[in-house]
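Given next are the chains, with one letter for each unit.
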Number of protein chains: 2
Amino acid sequence: MVTLKQLAKELNVSISTVSKALNNSEEIGEETVKRVKELAELYNYKPNKVALSLKQNKTKTIGVIIPDILNHFLAKVLFGIEREAANHGYNIITCISNESLEKEKESLQLLANGSVDGFILCVAQETQMKNEVQHFKSTIKKGLPIVMFDRVAHDVLCDKVIVDDFESTYNATKSLLEEGRKQIAFISNIDDLSVGKLRERGYAKAILENPELKVLALRMGRYDDHQKKIRTFFEENKGIDGVVAADSASGVIAINMAASLGFKVPEDVSVIGFSSKSVSNHSIPRLTTIRQHAKDIGANAAQLLINRLQNNLGEDDVKTKIVKTSLIRSGSTL
Amino acid sequence: MVTLKQLAKELNVSISTVSKALNNSEEIGEETVKRVKELAELYNYKPNKVALSLKQNKTKTIGVIIPDILNHFLAKVLFGIEREAANHGYNIITCISNESLEKEKESLQLLANGSVDGFILCVAQETQMKNEVQHFKSTIKKGLPIVMFDRVAHDVLCDKVIVDDFESTYNATKSLLEEGRKQIAFISNIDDLSVGKLRERGYAKAILENPELKVLALRMGRYDDHQKKIRTFFEENKGIDGVVAADSASGVIAINMAASLGFKVPEDVSVIGFSSKSVSNHSIPRLTTIRQHAKDIGANAAQLLINRLQNNLGEDDVKTKIVKTSLIRSGSTL
């Protein structure tokens, strides 16, 4: 990589002359501009982005703070943010809060020190539980805008991108009712998350709209033996003819377990679950899935932030975007 | 949070006096040191980490560059790095290269500008294919050490953490041979990665040690219909009694497909696959897995880097660590 200094030396002019020539300054004669540009092209000179950023007081970098990197949904959102940011010439740097309020605060501080122009983040579980928002507000006050996605702090005035968790299980349950299913169960291993609770409520609403039906939920701990729990659940509740699964594994396990217990899927029991395309492949037949469009969520968050940065939007102009889930039908439903 | 300025104002001394007193400077009288420290303690004053770092020329931050955030193995390594770094009081900031050489270079430049003390990275696919190493070498030359993991550049003198891919499938295949299996197949959807090739070679070596046996490999593209390919493979190769799977999905799909074709697992066919604990749960019976200990890989990489930073190790002191896989037996083998 050739530098301004090397170009200046070779051309026997000052560094400042080279820099001004490359920026088409009128202070520099046409002939010199031409010579400088030709040599710069010959050596494939690229302006030092960091120096440029310092000058413009913009880093062209977005800080992303995510609570859990092992969560595939969050990893996919990050992927979507990264791709959209790159399309607009922005870099991203990422910190992981590990669901901790303290780490979230530290990450904001670490990056707010001139490394980034703004933040995209998903609120840590501890922060949600303690309902702490001061660190978000003071970051925004410093002139660093925040866009929140998925888990958001309602008390903070900022752009948000959210998912329709409640509606998604409500609609999935309705679609099983339309198949004529009478004993639809809800299975979840994410009962401890706010989105897990929303999903159960969506299911329950659809069931309770039919006075003759009853809710039936299997709430598993994260470290339970999910195969065993689901097997026992099927054995103790004869006649289950539909399953709505809240997490990415339970639907797939329910299908394979039903098959191994001698039920036919979807003839005897229909299954729908939140999942990704790749995991929905792990069962035979394939799982009919509620797809979250994580990459779109990421892309939307990046667009909101970049739009805000480039147009200097104010607090009176915050937006909340809902990215709707889709029901992708496959072999596990009629 | 109280600042140096506020302490100084309250004590009616200069900021510099407060700072020096807190650092036990001999320039400041004992009485003043005592007054400053008492007030600092009263207000629970914490030194500004960023300012401290600038002074000591240390950021206490590690830059991590990973090629693909949707790869669960890499996400887990990142988790391991993060946890180990936190144990030593280091932050991490992460950039994603998206398997691109250009992005990898940009990420190194972005963070090398005073944001981090050193790097932990997994080399991008494009970088490996072009065998480009100059950007690594010049980063190290600038005084920022690099630790590479999983995919490493052999021509760069630096600490490395690698996995025993070849041995792992060699041993897995041997263990199926010891069960008395005669027609063991290899199934992979990661034939395009160097680790995928190593895994196939490990399998082939174990097979070819037995002159009467033949290698039989199903290499699938990433976007193929894996269920269909595996079904056809079973149908066209009657008598398969063992499967070694190179990626996290193929073993699980092979088990569920064998069951749906009327084979008994493990009586008729034994299956072993690279996978994670959670995915191995997706088949009935559960998949016997080759477990990679991704978190240990991350922890080892962080230890190597932090040790290097804290002890100013030189180029004559580079280490390569091998983190061995384990075979975790479950229901899909005898």
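In the nomenclature of an unreviewed UniProt entry, chain A is known as LacI family DNA-binding transcriptional regulator of Snuella sedimenti.

J.: So what's going on with the overall build of chain A? Which residues, and what values?
T.: Scanning chain A from N- to C-terminus turns up 14 helices and twelve strands. The C-alpha atoms of chain A give a radius of gyration of 26 Å, which is well past the 20 Å a tight globule of 334 residues would have. Viewed in the frame of its principal axes, chain A has a C-alpha envelope of about 90 × 40 × 30 Å. Of all intrachain contacts in chain A linking residues separated by at least 6 positions in sequence, the fraction that spans at least 24 positions is 71%. Summed over all atoms, the accessible surface of chain A reaches about 15,700 Å², with 49% contributed by carbon and sulfur.

J.: Any chance you could break down the pattern of salt bridges for me, citing the residues and the numbers?
T.: Residues and elements named next belong to chain A. Applying the stated rule across the entire model yields 28 salt bridges over all chains. Put simply, Glu126 and Lys130 hold a salt bridge, and the shortest N to O gap is 2.8 Å. Of this pair, Glu126 and Lys130 both sit in helix 7 (residues 125-130), four residues apart, roughly one helical turn. By relative accessible area, which is 25% here, Glu126 ends up partly exposed. The exposed category is assigned to Lys130, whose relative accessible area is 52%. Residue Lys174 is joined to Glu209 by a salt bridge in which the shortest nitrogen-to-oxygen separation is 3.6 Å. In this pair, Lys174 sits in helix 9 (residues 165-178) while Glu209 sits in the loop between helix 10 (194-208) and strand 7 (217-219), placing the two residues 35 residues apart along the sequence. The class for Lys174 is partly exposed, based on a relative accessible area of 29%.

J.: Hey, could you go over the nonpolar core for me, with residue numbers and the actual values?
T.: Ile120 and Phe149 of chain A together with Ile120 and Phe149 of chain B are the most contacted members of the largest nonpolar core, which totals 60 residues. The residues touching Phe149 of chain A, leaving out its near neighbours within four places in the chain, are Ile66, Leu74, Val77, Ile81, Ile120, Leu121, Cys122, Val161 and Ile297 of chain A. Core analysis: the second largest hydrophobic core is formed by 42 residues, Leu111, Val116, Val123 and Val152 of chain B among them.

J.: Before we move on, could you go through the environment of Ser326 of chain B and cite the residues and values that matter?
T.: Residue and element names in this part refer to chain B. Tracing the chain through its elements places Ser326 in strand 12 (residues 326-328). Along the chain, Ser326 and Ser175 lie 151 residues apart, while their C-alpha atoms are 13 Å from each other. Look past the residues within four positions of Ser326 in its chain and what remains in contact with it is Thr289, Ile290, Arg291 and His293. Side-chain polar atoms of Ser326 contact the side chain of His293, separated by 2.5 Å.

J.: Can you explain the domain arrangement of chain A? Please cite residues and give values.
T.: Entries for chain A in the domain assignment read domain 1 (4-47), domain 2 (59-162 + 294-323) and domain 3 (165-292). On a C-alpha basis, the centres of domain 1 of chain A and domain 3 of chain A stand 66 Å from each other.

J.: Describe in detail the relation of the copies chain A and chain B, supporting the description with residues and values.
T.: Expressed as a screw operation, the relation of chain A to chain B combines 0.4 Å of axial shift with a rotation of 180°, fitting to an RMSD of 0.7 Å. A rotation of that kind, with that shift, is consistent with a two-fold axis. Residues of chain A ranked by C-alpha distance from the rotation axis are headed by Thr94 of chain A, positioned 2.5 Å from it. The share of interface residues of chain A whose copies in chain B are also at the interface is 95%, consistent with both copies meeting through the same surface.

J.: Mind laying out the sheet that holds strand 10 (residues 288-291) of chain B, listing which residues take part and the relevant values?
T.: All names here are of chain B. Taken together, six strands build an open sheet; the order of strands is 7-6-8-9-10-12 and the sheet is mixed. In this open sheet, the two edge strands, each paired with only one partner strand, are strand 7 (217-219) and strand 12. Ignoring strand direction, the axes of neighbouring strands in this sheet form an average angle of 20°. Pairing of strand 9 (residues 270-274) with strand 10, which is carried by three bridges, proceeds in the parallel orientation. Looking at the pairing, Phe274 lines up with Ile290 of strand 10. Of the strands in this sheet, strand 6 (184-188), strand 7 and strand 8 (242-245) touch helix 11 (residues 226-236), which is tilted by about 160° from strand 7. Along the sheet, helix 12 (residues 250-260) contacts strand 6, strand 8 and strand 9; its crossing angle with strand 8, the most-contacted strand, is approximately 155°.

J.: With reference to specific residues and values, describe the interface of chain A and chain B.
T.: Taken together, the contacts link 42 residues of chain A with 42 residues of chain B. Considering only the side of chain A, the residues that lose the most area to chain B are Leu70, His282 and Ile284 of chain A, jointly responsible for 18% of the buried surface there. In this structure, the salt-bridge partner of Lys103 of chain B is Glu82 of chain A, at a minimum N-O distance of 2.5 Å. At the junction of chain A and chain B, the tally comes to 14 residue pairs in polar contact (both at pLDDT 80 or more).

J.: Please provide a residue-by-residue account of the packing of aromatic side chains, values included.
T.: Residue and element names in this part refer to chain A. Using the criterion set out here, one finds four aromatic pairs over all chains in the structure. Relative to Phe263, the ring of Phe234 lies with its centre 6.3 Å away and its plane at 40°, an arrangement referred to as tilted. With a gap of 29 residues between them, Phe234 in helix 11 (residues 226-236) and Phe263 in the loop between helix 12 (250-260) and strand 9 (270-274) connect regions that are remote in the sequence. Seen from the ring of Phe274, Arg199 lies directly overhead, with NZ or CZ sitting 3.6 Å from the centre.

J.: I'd like to hear about the sheet that holds strand 9 of chain A, residue by residue, with values.
T.: All names here are of chain A. Spatial strand order, 7-6-8-9-10-12: six strands in an open sheet with mixed pairing. The open sheet has two free edges, formed respectively by strand 7 and strand 12 (326-328), since each of these has just one partner strand. For this sheet the average axis-to-axis angle between neighbouring strands, irrespective of direction, equals 20°. Each of strand 6 (184-188), strand 7 and strand 9 touches helix 10; the most contacted strand, strand 6, lies at about 175° to it.

J.: Just give me the short version of the side chain of Thr289 of chain B, but keep the residues and values in it.
T.: With respect to the secondary-structure elements, Thr289 of chain B resides in strand 10. With residues up to four places along the chain from it excluded, the contact list for Thr289 of chain B reads Gly273, Ser275, Ser280, Ser326, Leu327 and Ile328 of chain B.

J.: Give a description of the side chain of Glu104 of chain B that names residues and reports values.
T.: Residues and elements named next belong to chain B. Structurally, the position occupied by Glu104 is in helix 6 (residues 101-112). Although Glu104 is buried, it forms no salt bridge, and the closest oppositely charged side chain is Arg151 at an N-O distance of 7.4 Å. Sequence-distant contacts of Glu104, defined by excluding residues within four places in its chain, comprise Ile65, Ser97, Cys122, Val123, Ala124, Thr127, His135 and Phe136.

J.: Help me get a handle on the state of the cysteines, residues and values and all.
T.: All names here are of chain A. A complete count under the given rule lists zero disulfides over all chains for this structure. Unpaired in terms of disulfides, Cys122 finds its nearest cysteine sulfur in Cys158, a separation of 12 Å. With a relative accessible area of 1%, Cys122 lands in the buried category.

J.: Provide a residue-level description of the pairing of strand 9 of chain B, including the pertinent values.
T.: Residue and element names in this part refer to chain B. Most of strand 9 is tucked away, with five of its five residues classed as buried. Across the two faces of strand 9 the burial is the same, with Ser270, Ile272 and Phe274 and Val271 and Gly273 all buried. Judged from the four bridges that link them, strand 8 and strand 9 form a sheet pairing that is parallel. Directly across from Val244, in strand 9, lies its bridge partner Ile272. Crossover connection from strand 8 via helix 12 to parallel strand 9: handedness right-handed.

J.: An account of the packing of helix 6 (residues 101-112) of chain A against helix 8 (residues 134-141) of chain A is needed here, citing residue identities and associated values.
T.: In a packed pair of helices, the relevant descriptors are the angle between the two axes and the axis-to-axis distance. Residue and element names in this part refer to chain A. Contact pair helix 6 / helix 8: the axes reach a minimum separation of 10 Å and the direction vectors enclose 10°. Considering their axes alone, helix 6 and helix 8 lie roughly parallel with respect to each other. Taking contact as the criterion, the partners of Leu101, Glu104, Lys105 and Leu108 in helix 6 are, on helix 8, His135, Phe136 and Thr139. When its residues are assigned to classes, the contact of helix 6 with helix 8 shows three nonpolar, two polar and two charged.

Conventions used here
- All residue numbers refer to position in the chain's written sequence, counted from 1.
- All chains are assigned letters beginning with A, and all ligands numbers beginning with 1, in the order in which they are written.
- Confidence filtering applies because this is a predicted model: local features only for residues at pLDDT of at least 70, side-chain atom pairs given and counted only at 80 or more, and all residues used for totals across whole chains, interfaces and linings.
- With hydrogens and water set aside, each side-chain value is computed from the structure's full complement of heavy atoms.
- Only DSSP runs of H or I reaching four residues or more are called helices, and only runs of E reaching two or more are called strands; each is numbered from the N terminus.
- With C-alpha atoms as the basis for the radius of gyration, the globule rule is written as 2.2 Å multiplied by the number of residues raised to the power 0.38.
- Contact criterion: two residues are considered in contact whenever any of their non-hydrogen atoms come within 4.5 Å of each other.
- Computed with a 1.4 Å probe, the accessible areas rest on the Shrake-Rupley method; for each residue, only the protein chains presented here act as cover.
- What makes a salt bridge here is a side-chain nitrogen of Lys or Arg within 4 Å of a carboxyl oxygen of Asp or Glu, nothing more.
- Only protein chains enter the accessibility calculation, which uses a 1.4 Å probe; a residue whose area is less than 20% of its type maximum is buried, one above 50% is exposed, and one in between is partly exposed.
- As used here, the term nonpolar core means buried Ala, Val, Leu, Ile, Met, Phe, Trp, Tyr and Cys residues forming a set that is joined through side-chain atoms within 4.5 Å.
- What qualifies as a polar contact is a pair of N or O atoms within 3.5 Å, subject to a donor-acceptor requirement within protein and to the restriction that residues adjacent in sequence count only when both atoms come from side chains.
- Domain borders in the structure are assigned automatically or taken from a domain database.
- Superposition of the copies used a least-squares fit over C-alpha atoms from residues whose pLDDT is at least 70 in both.
- The criterion for strand pairing is that DSSP finds at least two bridges linking the strands in question.
- In this analysis, axes come from line fits to C-alpha atoms, helices being fitted only over the stretch in contact, and the angle between any two N-to-C directions falls in the range 0 to 180 degrees.
- Here's the idea: put two parts together, see how much 1.4 Å probe accessible area each one loses, and the total over both is what we call buried area.
- Whether two aromatic rings pair depends on their centres lying within 6.5 Å, for rings of Phe, Tyr and Trp, where Trp uses its six-membered ring; planes under 30 degrees apart make the pair stacked, over 60 edge-to-face, and the rest tilted.
- Here, a charge over a ring is recorded when the distance from Lys NZ or Arg CZ to the ring centre is within 6 Å and its angle to the ring normal is within 35 degrees.
- Charged-residue counts in this description rest on Lys and Arg as positive and Asp and Glu as negative, His and the chain ends being excluded.
- The disulfide definition used here is simple: a pair of cysteine sulfur atoms within 2.5 Å.
- A clockwise course of the path from the first strand over the helix to the second, judged with the strands pointing away from the viewer, identifies a crossover as right-handed.
- Should an angle fall under 35 degrees it is called roughly parallel, over 145 degrees roughly antiparallel, and 65 to 115 degrees roughly perpendicular, with every other angle called oblique.
- Classification used: nonpolar for Ala, Val, Leu, Ile, Met, Phe, Trp, Tyr, Cys and Pro, charged for Asp, Glu, Lys and Arg, polar for all others including Gly.

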